[in-house]
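Summary of structural features
Okay, here's what each chain looks like letter by letter:
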Amino acid sequence: MLKYINIKPIEEGFKGIVTIPGSKSISNRALILGALSEKKVILKNMLFSDDTLYMIEGLKKLGAAIDISQDKKILTIEMKPQETLPTCELFIGNAGTAMRFLASYIATKKGEITLTGNKRMKERPIKDLVGALENLGVTIKYLEKEGFPPIKIISKGVSKSFVEIDCSKSSQYLSSLLLSGSYFKHPLEIKIKDTLVSKPYVSMTLNMVKDFGGNITFDENKNSFFITPKKFTLDEYTIEGDMSSASYFLGAALIGNGTITIKNFFKNSLQGDKDFLNILIKMGLEVLDEKEKEITVCGKHSYTAIDVNLNNTPDVAQTLAVIGLFAKGNTIVRDVANMRIKETDRITALNNEISKLGGLFLEEKDGFTIIPQDSYHGATIETYDDHRMAMSLALAGLKIPGIKILNPECVSKTFPNFFEELNNIYNREE
Ligand SMILES: O=C(O)C1=C[C@@H](OP(=O)(O)O)[C@@H](O)[C@H](O)C1
Ligand SMILES: C=C(OP(=O)(O)O)C(=O)O
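Residues numbered from 1 in each chain as written. Chains lettered and ligands numbered in written order. Predicted model: local features only at pLDDT ≥ 70, side-chain atom pairs only at ≥ 80, totals over all residues. Heavy atoms only, no water.

Named according to an unreviewed UniProt entry, the protein is 3-phosphoshikimate 1-carboxyvinyltransferase originating from Cetobacterium ceti. Check the Subunit (unreviewed entry) section of the UniProt entry for the protein; it says "Monomer." In its Pathway (unreviewed entry) section, the UniProt record describing the protein reads: "Metabolic intermediate biosynthesis; chorismate biosynthesis; chorismate from D-erythrose 4-phosphate and phosphoenolpyruvate: step 6/7." (UniProt positions renumbered as here; feature names shortened; annotations may be inferred.)

1. Considering the site of ligand 2
Residues in contact with ligand 2 amount to 14 residues; listed here are only the nearest, Lys24, Gly96, Arg124, Arg388 and Lys413. Between ligand 2 and Lys24 there is a distance of 2.7 Å, counted from an oxygen atom to a side-chain nitrogen or oxygen. Compared with its free state, where it exposes 290 Å², ligand 2 has 99% of that area covered by protein. Of all the elements in the fold, those that place two or more residues in the shell around ligand 2 are helix H3 (96-107) and helix H11 (387-396). Within the shell around ligand 2, the residues separate by chemical class into 1 nonpolar, 5 polar and 8 charged. The two domains that each donate at least three residues to the shell around ligand 2 are domain 1 (4-21 + 242-423) and domain 2 (24-227). (Near = heavy atom within 4 Å. Polar contact = N/O pair within 3.5 Å; in protein donor to acceptor, adjacent residues only side chain to side chain. Areas by Shrake-Rupley, 256 points an atom, 1.4 Å probe, with all protein chains shown as cover. Helix = DSSP H or I, 4+ residues; strand = E, 2+ residues; numbered from the N terminus. Nonpolar A, V, L, I, M, F, W, Y, C, P; charged D, E, K, R; others polar. Domains from an automatic or database assignment.)

2. Description of the site of ligand 1
Taken together, 13 residues form the shell around ligand 1, and within it Ser25, Ser170, Ser171, Ser198 and Asp315 come nearest. One of the side-chain nitrogen or oxygen atoms of Lys342 is found 2.7 Å away from an oxygen atom of ligand 1. Contact with the protein chains removes 96% of the 390 Å² of surface that ligand 1 exposes when unbound. Looking at the shell around ligand 1, the elements that each hand over two or more residues are helix H1 (24-36) and H3. When the residues that make up the shell around ligand 1 are grouped by side-chain class, the tally is 2 nonpolar, 7 polar and 4 charged. Each of domain 1 (4-21 + 242-423) and domain 2 (24-227) accounts for three or more of the residues forming the shell around ligand 1.

3. Some points on the pattern of salt bridges
Side chains carrying opposite charge are able to pair once their charged atoms draw close together. The tally for this structure, following the rule as stated, stands at 23 salt bridges. The partner of Glu236 in a salt bridge is Lys44, with the nearest N and O atoms 2.9 Å apart. A residue pair is termed long-range when its members are at least 10 positions apart, and Glu236 in strand E14 (residues 236-238) and Lys44 in strand E3 (residues 41-44) qualify at 192 residues. A salt bridge links Lys169 to Asp128, with the shortest nitrogen-to-oxygen separation between them at 3.9 Å. On the criterion of sequence distance, the pair formed by Lys169 in the loop between strand E10 (162-166) and helix H5 (172-180) and Asp128 in helix H4 (residues 127-135) is long-range, its members being 41 residues apart. (Salt bridge = Lys/Arg side-chain N within 4 Å of Asp/Glu carboxyl O.)

4. Some thoughts on the packing of aromatic side chains
This structure, assessed with the given rule, holds 12 aromatic pairs. Seen in terms of ring centroids, Phe249 and Phe418 are 5.7 Å apart; in terms of plane orientation they differ by 40 degrees. Their pairing is tilted. Taken together, the positions of Phe249 in helix H7 (residues 243-256) and Phe418 in helix H12 (residues 418-424) put the pair 169 residues apart, joining distant regions of the chain. When sorted by exposure, Phe249 lands in the same class as Phe418, which is buried. Judged by centre distance (5.6 Å) and plane angle (75 degrees), the rings of Phe326 and Tyr376 are edge-to-face. Of the two residues, Phe326 is situated in the loop between helix H9 (317-324) and strand E19 (331-334) and Tyr376 in the loop between strand E21 (367-371) and strand E22 (379-381); the sequence distance between them amounts to 50 residues. By the burial criterion, Phe326 is buried, and Tyr376 matches it. (Phe/Tyr/Trp six-rings, centres within 6.5 Å; stacked < 30°, edge-to-face > 60°. Buried < 20%, exposed > 50% of the residue type's maximum accessible area, 1.4 Å probe, protein only.)

5. Digging into the nonpolar core
Formed by 73 residues in total, the largest nonpolar core has its most connected members in Leu59, Leu62, Leu102, Ile165, Leu174, Leu177 and Ile190. Here the element with the most residues in this core is H3; it accounts for 8 residues. Non-local contacts of Ile165, meaning those with residues more than four positions away in its chain, are made with Asp128, Leu129, Ala132, Tyr173, Leu174, Leu177, Ile190, Lys191, Ile192 and Lys193. (Core = buried A, V, L, I, M, F, W, Y, C linked by side-chain atoms within 4.5 Å. Contact = heavy atoms within 4.5 Å.)

6. Describing the environment of Val316
Relative to the assigned elements, Val316 resides in the loop between strand E18 (307-309) and H9. By relative accessible area, Val316 is classed as buried at 1%. In sequence terms Val316 and Ser245 are 71 residues apart; their C-alpha atoms lie 8.8 Å from each other. Contacts of Val316, omitting those with residues within four sequence positions, involve Ser244, Ser247, Asp273, Phe276 and Leu310.

7. Some thoughts on the confidence of the model for the protein
Across the protein, the average pLDDT comes to 97, with 99% of residues at 70 or higher. In the predicted assembly, ipTM is 0.99 and pTM is 0.98. (pLDDT = per-residue confidence, 0-100.)

8. Considerations on the UniProt feature "binding site: 3-phosphoshikimate" (unreviewed entry) in the protein
In the numbering used here, UniProt assigns the feature "binding site: 3-phosphoshikimate" (unreviewed entry) to Lys24, Ser25, Arg29, Ser170, Ser171, Gln172, Ser198, Asp315, Asn338 and Lys342. Its location among the elements puts Ser171 in the loop between E10 and H5. For Ser171, a relative accessible area of 4% puts it in the buried group. When sequence neighbours within four positions are dropped, the list of residues in contact with Ser171 reads Leu196, Val197, Ser198, Tyr201 and Val202. Summarising the element assignment, Ser198 is placed in the loop between strand E11 (188-193) and helix H6 (199-212).

9. What about the sheet that holds strand E7 (residues 110-116)?
Strands sit in the order E6-E7-E9-E8 across an open sheet of 4 strands; the sheet is mixed. Two strands in the sheet have a free side with no partner beyond their single neighbour: strand E6 (88-91) and strand E8 (139-142). The mean inter-strand angle of the sheet, taken between neighbouring strand axes irrespective of direction, is 20 degrees. One ladder, built from 4 bridges, connects E8 with strand E9 (residues 151-156); its direction is antiparallel. Considered in E9, the bridge of Lys141 is made with Lys152. In this fold H3 packs onto E6, E7 and E9, with an angle of close to 170 degrees to the strand it touches most, E7. Relative to E8, H4 is tilted by about 150 degrees, and along the sheet it contacts E8 and E9. (Pairing = 2+ DSSP bridges. Axes fitted to C-alpha atoms, helices over the stretch in contact; angles between N-to-C directions.)

See below:
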């Protein structure tokens, strides 16, 4: 286990080329859709990281034949035809998508399956999804604390045709039902109670279900989704590069006033986090070149702050917080209360670590403000087993000497070779 990594400041005007990995969100959706499919599915540009490996191991235990070619980033998946799933326990670490998406997948069949995870996963709520599945006729028992994993799902399949769900804490509950709903026995109406957070992830789900052969419509007046039972028959699916992972290198170019080419960057991405590029353009980032799967961006000696609502894209809020340290003016991030129930309480974690650098961080219940200071100093950064704390605070080290990132291997949740790629931006391209 690597205990820490020192980040070296970078010279302005640097040039680098990096490659980002496949999208976590798309990889884990494609695995569920592949497991539901009638035949073998090939997934290309697949992400292999903790979150997808927990999903892969879980699906294997449930009966999937999965072949992996890690260097080619290809995976094939074919689920054994079976009415009843093998009785087992699935450990899914702290992979929110795996925990939530598997719950509805299990409900498409008969079986008794326990879903559990690490200490933090046991503090992340799942009650609204469990309640919806119970209302659909699935029996679910909390094995420790009411409302949280571990849960035991006792399923006989879903035969009801209407459910209401509260998605004000996580959009993953809705995506879970939408991903597997085509394999419930009857047409299903899912009515959204309250506000839906992280909306673009639901659009991503709808797009992918459609690509696999599903039929889901949305009625705006009723605030309801309608799913028709369908069989999936797609042969092959290509995973996009991960736009949340790209945020660190877009940010590095701006903070470090350098030029970075990002490969595996999908211009027409399904991911809401692609909008981070537009946020940074407003702050001063310049796009030098854009191809279908590659972008080259360039920073500025000085850039402006921004006031932005990140409810649609909470995963880039930490990147923006660190970029805000060096902006002209105060950067304000609004409407991101659910950052507090992710890998760690991310708002408090940012406050702790940014304060250690000499930064001024104003913490709100559902957001924060970064007030830039004339100077900062190095510090030893705690990462709270949160990949995004490690990756975003590493960016501060491009400017501030003496930054040490503790437990850097937590990046393996979504971007196992992040620090190797970060190293690539120091190697000047001639
Ligand atoms: O559906 C998804 O793939 C995700 C949805 C978001 O979670 P919430 O809906 O809980 O905000 C996001 O933070 C997470 O990293 C991935
Ligand atoms: C919130 C995240 O993950 P999860 O899928 O575990 O919710 C994340 O990757 O930032």
